[in-house]
Amino acid sequence: HLDTKRPCNQSDNMTRHSSISQRLICAVALACFFLSLMGGEAAPVTVTDSTFDDVLESSGSNLLVLFKANKCPHCQRMMPDYESLSDDADLEGHGVTLAIVDVPSNNGASLRFGIRGFPTLIYFRDGRMYRYSGKRQYTPLKSFVLKGYENIGEGEEIPEKPTFLSQFALIGKAVWVEVYDAALGHSGKAGYAMVGLLGILVGLLGFTIVFLVVIITGKAKEE
């Protein structure tokens, strides 16, 4: 007689082992998921105009900020190194917080801290701010935050959050600086074009004022 039960038992065993394997895989996947939630990699904090001072205060005045624009290719190239710094054990041991500000969406930060190009890195430490001008790479940035910023000297005083009225003064200052640099040729052909356009606008404004003065003076004489 043929033993018809044996093939069935082998099939049952294969099914049972497959089921156990699937359960183990699911268990491992779930464990990895929960571990990633509990202890995932650190990431820079996204900061806005309204939250900047709160983040600075919560960091204990120990904050490295990247002022960037999403479409800036230089910013995109340095992002992997900057994000890796968030996981650096030495920076974490020194209590350094990393943050990112998207300048086009937060014009207040651009005016407040005089951001004129992307990317701009500023280290805020103990009530002072230190502008970074080195290579946008992992090791130079880390060295700057740990010790290199001291070579700059006393740094700059952190400006207060601008009021509604003071923003106009900051805008005027920013425009003047751009025009001045353009006049010196620091902005290339685009700068000269901007200066020429500004000269035309000023000339038209002056002509309009003189024209209005002549008309008003003429009417006053007629009366």
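Everything quoted here is computed from the prediction, not taken from an experiment. The residue count restarts for each chain, going from 1 along the sequence in the order it is written. Only residues with pLDDT of at least 70 get local features here, since the model is predicted, and only at 80 or more are side-chain atom pairs given and counted; chain-wide, interface and lining totals rely on the full set of residues. Side-chain numbers come from the whole structure's heavy atoms, not from hydrogens or water.

(A) Examining the sheet that holds strand β3 (residues 97–102) more closely. Here we have six strands laid out as an open sheet, ordered β1-β3-β2-β4-β5-β6, and mixed in their pairing. A single partner strand is all that each edge strand has here, and the edge strands are β1 (45–47) and β6 (156–157). Whether two strands pair comes down to DSSP finding at least two bridges between them. The numbering of helices and of strands both runs from the N terminus, where a helix is a DSSP run of H or I of at least 4 residues and a strand a run of E of at least 2. Pairing analysis gives two bridges linking strand β5 (residues 128–132) to β6, with the strands arranged antiparallel. Note on β6: the bridge partner recorded for Met 129 is Glu 156. Most of the contacts of helix α6 (residues 138–146) go to β5, to which it runs at about 155°, and overall it touches β2 (62–68), β4 (120–125) and β5. Throughout, a contact is declared for two residues whenever any of their heavy atoms are within 4.5 Å. For every element, the axis is a line fit to its C-alpha atoms; helices are fit only across the contacting stretch, and the angle between N-to-C directions ranges from 0 to 180 degrees.

(B) Representation of the nonpolar core. Here, the term nonpolar core denotes a set of buried Ala, Val, Leu, Ile, Met, Phe, Trp, Tyr and Cys residues that are joined through side-chain atoms within 4.5 Å. Here's how the labels work: a residue is buried when its accessible area is under 20% of the maximum for its type, exposed when over 50%, partly exposed in between, all with a 1.4 Å probe on protein chains only. One finds Tyr 82 and Leu 121 to be the most contacted residues of the largest nonpolar core, which totals 18 residues. Every element with two or more residues in this core is listed here: β2, α3 (73–85), β3, β4, β5 and α6. Beyond its immediate stretch of four places on either side in the chain, Tyr 82 contacts Pro 44, Leu 64, Val 65, Leu 66, Leu 98, Ala 99, Ile 100 and Leu 121. Core analysis: the second largest hydrophobic core is formed by 17 residues, Val 47, Val 103, Ile 122 and Phe 124 among them.

(C) View of the packing of aromatic side chains. The criterion for an aromatic pair is that two Phe, Tyr or Trp rings (for Trp, the six-membered ring) have centres within 6.5 Å, with stacked assigned to planes under 30 degrees apart, edge-to-face to planes over 60 apart and tilted to the rest. Scanning the model with the defined rule gives seven aromatic pairs in all. For the ring pair Phe 67 and Phe 113, a centre distance of 5.7 Å and an interplane angle of 50° mean the geometry is tilted. Placement of the pair is Phe 67 in strand β2 and Phe 113 in helix α5 (residues 107–113), with a sequence separation of 46 residues. Per residue, the accessibility class of Phe 67 equals that of Phe 113, and both read buried. Here the aromatic rings of Tyr 132 and Phe 144 are separated by 4.9 Å at their centres, their planes lie at 65°, and the arrangement is edge-to-face. Residue Tyr 132 is found in strand β5, and its partner Phe 144 is found in helix α6; the two are separated by twelve residues along the sequence. Assigned by exposure class, Tyr 132 and Phe 144 land together as buried. In textbook terms, an aromatic cluster arises when at least three aromatic residues are bridged by ring pairs, as seen for Phe 52, Phe 67, Phe 113 and Phe 124.

(D) Representation of unusual backbone geometry in the model. Of the consecutive residues Phe 118 and Pro 119, the connecting peptide bond is found in the cis state with omega at -10°. As for its placement among the helices and strands, Pro 119 is situated in the loop between α5 and β4. Non-glycine residue Asp 126 carries a positive phi angle of around 50°. With respect to the helices, strands and loops of the structure, Asp 126 is situated in the loop between β4 and β5.

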